[in-house]
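# Working through the structure, step by step
Below, each chain spelled out in residue letters.
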Amino acid sequence: MRVETSKGVRKMSRQRKSISVLLAFLIMLVTVLSACSKSDSNAGSGNASSPANTASSASAGGEKSDQPITLRMTVWGAPEEVAAYKVAIKKFEDKYPNITVKLQHIAADYDTKLTTMVAGNDVPDIAQMESASIAFPLAEQGKFYNLQDFLSSDPEINAERLVPNISYSLEPGNVIGLGPGPESFGLFYNEDIFKDAGLTPPPAKASEAWTWDEFVEVAKKLTIDNKGRNVTDPGFDPKNIKQFGVNFPTWWGSYSNFIFSNGGDFVSEDGKTFALNQPAAVEALQKIADLINVHHVAPSPVQAKNIPAPNVALQTKKVAMAIDGQWVSAGLAQSKFHFNVGVLPIMQKPMTTVVSGMFSMFKSTKHPKEAWELMKALMDPEASIDLITAGTWMPSYRDWYTDSALLAKWTENLDSRPSGYKDAIVDVLLNDSHQTPTGYVKNFNKIMDIVNPALDKVWLGQQTAQEAMDSIAAKAQAQVQGRRDVKG
């Protein structure tokens, strides 16, 4: 426009020239003032985009967005778990009124349905994932955001603020999922059974944990046949047991505690070698099998079919002790009998396995920063406090274990948290825990598809642990693909 104006000036008469020059000057002045005003406006909008005012910039910078946004998320879980998610979503939507969250609860066949959704490009922004099933296959296809980018820059949440072993990585530095709450294992027991038998109950502190042999001796005294004799009595009948000393579920979550306690693993430290046939793992597996077939203090897989859920089994004195996940606390609290929890017996050192579902963010999301804020809201213990106090969940934030006021909110004066809980569950999770093997053993499911049938023979007393693991070692080795916590 300035060029066109100068051309016009050369064609004008002398009388109009001065007027045109004056007009041109005024236009230039308006333009300069307008530019200054625009610059000031931009500075003001930068202040409005501060982390306190927008989800977009809360974790990694960015401009404020007041445009309507919809986020989709998928979850599994019982009705009470879904209710907890809805509480978190309501708080999130109140904080960010321009964002709507659509929650899709997939009650059955979750993995199959989500896989079908992804294949059809019907992908949620975030999804609850299971490390033992589809999470890592999807991650290997490049479907997930690397959450390390957010953890490294977010002022409110980082890796140090989370409890151990609830971050899942495709490889070091590539975090694909975060657990909203950890789960670990303990030795639950009926206090009245111990009192009536005149026995000292399991210790709660890791420093005082029973050795494996001490545990077995107590279990013998608490295993009663239908004539009232225990395992140490002459004439004890192992075929007619009315009360087992301990119930020990024979899935990898349960026995992994003792493989780790004994210094063993599912694969070698470098991830190159199948390790369940190595001495430390074999010894742990054999000692567990001996509970069933040698000492007769735990039900066999066949007998276990007649053992009810832990809360019922302990209450009705079908079993005196139960090795299980802390999630059974909810059912035990509702059963209204005197139960407690001790630390797991040790082989070489105190240890518990941490298992947890995770939330992952799909790369296809158009709103990664808002999706990250939603993930943070879902992991906030305040949002799931009802589930936590009921005994179903545990918090994901470390300060809820170390800050006395926060710890009291979910461990004190609650039926779901007996006197041994802080030492046997809370302290052990913080100080003596191990990540689930599903989180770092590549190709875990295919390895276990080979291992599990062989272990069935061990639990049934048909083979020793060494024989069974050696018999499948070559096939299992062919499925070993490394570790996710090792570079390369």
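On a predicted model such as this, the values are computed, not experimentally measured, just so you know.

## With respect to the overall build of the protein
Along the protein, the regular secondary structure elements total 20 helices and 13 strands. Evaluated residue by residue, the protein yields a buried proportion of 50% over its 488 residues. Nonlocal contacts in the protein, meaning residues at least 24 apart in sequence, comprise 73% of its contacts between residues at least 6 apart. As presented, the protein carries roughly 22600 Å² of accessible surface, and 51% of it is formed by carbon and sulfur atoms.

## What to know about helix α19 (residues 444-459)
The terminal C-alpha atoms of α19 lie 21 Å apart, and with 16 residues this matches the ideal 22 Å at 1.5 Å per residue to within 8%. The sharpest bend along α19 measures roughly 30° and falls at V451, with the proline P453 sitting one to four residues further on. Within α19, the full set of buried residues consists of F444, I447, M448, I450, V451, A454, L455, V458 and W459. Buried residues along α19 sit against α9 (252-261), α10 (279-293), α11 (301-304) and α20 (465-479). Immediately beyond the C-terminal end of α19, within one or two residues, lies G461, with a positive phi of roughly 80°.

## Thoughts on the confidence of the model for the protein
Residues at a pLDDT of 70 or more form 86% of the protein, whose mean pLDDT is 88. Segment residues 1-64: pLDDT under 50, and 46 contacts once partners within four positions in sequence are set aside and those in other chains are kept.

## A look at the packing of α9 against α10
It is the contact of α9 with α10, at a shortest axis distance of 8 Å, that shows an interaxial angle of 130°. Our classification of the angle between α9 and α10 gives oblique. In the crossing of α9 with α10, the sense of the turn from one axis to the other is right-handed. Contacts between α9 and α10 involve Y255, F258 and I259 from the former and A281, A284, L285 and I288 from the latter.

## Here's the deal with the packing of aromatic side chains
Counted according to the given criterion, the structure contains 22 aromatic pairs. When the centroid spacing of 5.1 Å and the interplanar angle of 65° are considered together, the rings of W251 and W252 count as edge-to-face. Ring plane angle 75° and centroid distance 5.4 Å describe the contact between W252 and F444, whose orientation is recorded as edge-to-face. Note that W252 is positioned in helix α9 and F444 in helix α19, a separation of 192 residues in sequence. Per residue, the accessibility class of W252 equals that of F444, and both read buried. A connected cluster of aromatic rings, assembled from ring pairs, spans F185, W251, W252, Y255, F260, F266, W327, F444 and W459.

## A few points about the pattern of salt bridges
This model, assessed by the stated rule, comprises 17 salt bridges. For D122, the salt bridge is made with R72, and the minimal N-O distance between the two is 2.9 Å. With D122 in the loop between α4 (110-119) and β3 (126-129) and R72 in strand β1 (residues 69-75), this pair connects stretches of sequence that are 50 residues apart. For the salt bridge of D265 with R483, the shortest nitrogen-to-oxygen distance reads 3.1 Å. With D265 in the loop between α9 and α10 and R483 in the segment after α20, the pair connects residues that are 218 residues apart, well separated along the chain. Taking relative accessible area as the criterion, D265 reaches 14% and is therefore assigned buried.

Rules used throughout
- Residues numbered from 1 in each chain as written.
- Predicted model: local features only at pLDDT ≥ 70, side-chain atom pairs only at ≥ 80, totals over all residues.
- Heavy atoms only, no water.
- Helix = DSSP H or I, 4+ residues; strand = E, 2+ residues; numbered from the N terminus.
- Buried < 20%, exposed > 50% of the residue type's maximum accessible area, 1.4 Å probe, protein only.
- Contact = heavy atoms within 4.5 Å.
- Areas by Shrake-Rupley, 256 points an atom, 1.4 Å probe, with all protein chains shown as cover.
- Expected span 1.5 Å × (residues − 1).
- Bend = angle between axes of the 7 residues up to and from the residue.
- pLDDT = per-residue confidence, 0-100.
- Axes fitted to C-alpha atoms, helices over the stretch in contact; angles between N-to-C directions.
- Parallel < 35°, antiparallel > 145°, perpendicular 65-115°, else oblique.
- Left-handed = near helix turned anticlockwise from the far one by under 90°.
- Phe/Tyr/Trp six-rings, centres within 6.5 Å; stacked < 30°, edge-to-face > 60°.
- Salt bridge = Lys/Arg side-chain N within 4 Å of Asp/Glu carboxyl O.

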